[in-house]
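Here is what each chain is made of, one letter per residue.
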Amino acid sequence: MREQDDAYRRAKLRVKQIRVWIILGGIYAVMIPVFFFIDITTGGGIEWAHWATLGCLLGFAIHTGVVWAPAFGRQWEDRKIRELMEREGSDAVNTERADTIERP
């Protein structure tokens, strides 16, 4: 029962992270054109919209790394190792956890 609760909490947190990432992407997709519209209609001068866009994209890139980097963590490595070993038809495929595979 405890494992199911932990799994549910992790899944719920992951869904929340992905939802926030999608919302931020939508906000940036709307706001960046607004920045350029304001910049063009006010005469611009120093083209501040480029800097605002760069800041937004940098923040979104960092947030993307935080949300999606766990997808390529240790579990992903273990699954990929197992998949490649099975694809090669290796007899060394371990039915236990892939943690037992020696890493360089």
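Please refer to the structure placed before this passage.
Residues numbered from 1 in each chain as written. Predicted model: local features only at pLDDT ≥ 70, side-chain atom pairs only at ≥ 80, totals over all residues. Heavy atoms only, no water.

Caption draft 1: Up close: the overall build of the chain. Counting its regular elements, the chain contains 3 helices and 0 strands. Its helices and strands taken in sequence order, the chain reads α-α-α from the N to the C terminus. Sorting the 104 residues of the chain into buried and exposed places 11% on the buried side. By element, 65% of the accessible surface of the chain is carried by carbon and sulfur atoms, the whole surface being about 8400 Å². (Helix = DSSP H or I, 4+ residues; strand = E, 2+ residues; numbered from the N terminus. Buried < 20%, exposed > 50% of the residue type's maximum accessible area, 1.4 Å probe, protein only. Areas by Shrake-Rupley, 256 points an atom, 1.4 Å probe, with all protein chains shown as cover.)

Caption draft 2: Structural context of the pattern of salt bridges. Applying the stated criterion across every chain, the model contains 3 salt bridges. In this structure, Asp-6 engages Arg-9 in a salt bridge whose closest nitrogen and oxygen atoms are separated by 3.1 Å. On the criterion of helical spacing, the pair formed by Asp-6 and Arg-9 is a turn pair, its members being 3 residues apart in helix H1 (residues 2-41). A residue is classified by how much of its surface remains accessible, and Asp-6, at 24% relative accessible area, is partly exposed. Residue Glu-83 pairs with Arg-87 through a salt bridge whose shortest N-O separation is 2.5 Å. (Salt bridge = Lys/Arg side-chain N within 4 Å of Asp/Glu carboxyl O.)

Caption draft 3: Region of the structure containing the packing of aromatic side chains. Taken as a whole and assessed by the stated rule, the structure comprises 4 aromatic pairs. Summarising the aromatic geometry, the rings of Trp-21 and Phe-60 are spaced 5.5 Å apart at their centres and angled 15° between planes, so their arrangement reads as stacked. Here the residue Trp-21 occupies a position in helix H1, and Phe-60 occupies one in helix H2 (residues 48-68), the gap between them amounting to 39 residues. Taking the relative accessible area as the measure of exposure, Trp-21 reaches 22% and is therefore partly exposed. Following the ring pairs from residue to residue traces out a cluster consisting of Trp-21, Tyr-28, Phe-60 and Trp-68. Seen from the ring of Trp-68, Arg-14 lies directly overhead, with NZ or CZ sitting 5.0 Å from the centre. (Phe/Tyr/Trp six-rings, centres within 6.5 Å; stacked < 30°, edge-to-face > 60°. Lys NZ or Arg CZ within 6 Å of the ring centre and 35° of its normal.)

Caption draft 4: Just the packing of H1 against H2, in detail. Contact geometry for H1 and H2: axes closest at 10 Å, N-to-C directions at 170°. One way to sum up the angle between H1 and H2 is to call them roughly antiparallel. Classifying every residue of the contact of H1 with H2 gives 17 nonpolar, 6 polar and 2 charged. (Axes fitted to C-alpha atoms, helices over the stretch in contact; angles between N-to-C directions. Parallel < 35°, antiparallel > 145°, perpendicular 65-115°, else oblique. Nonpolar A, V, L, I, M, F, W, Y, C, P; charged D, E, K, R; others polar.)

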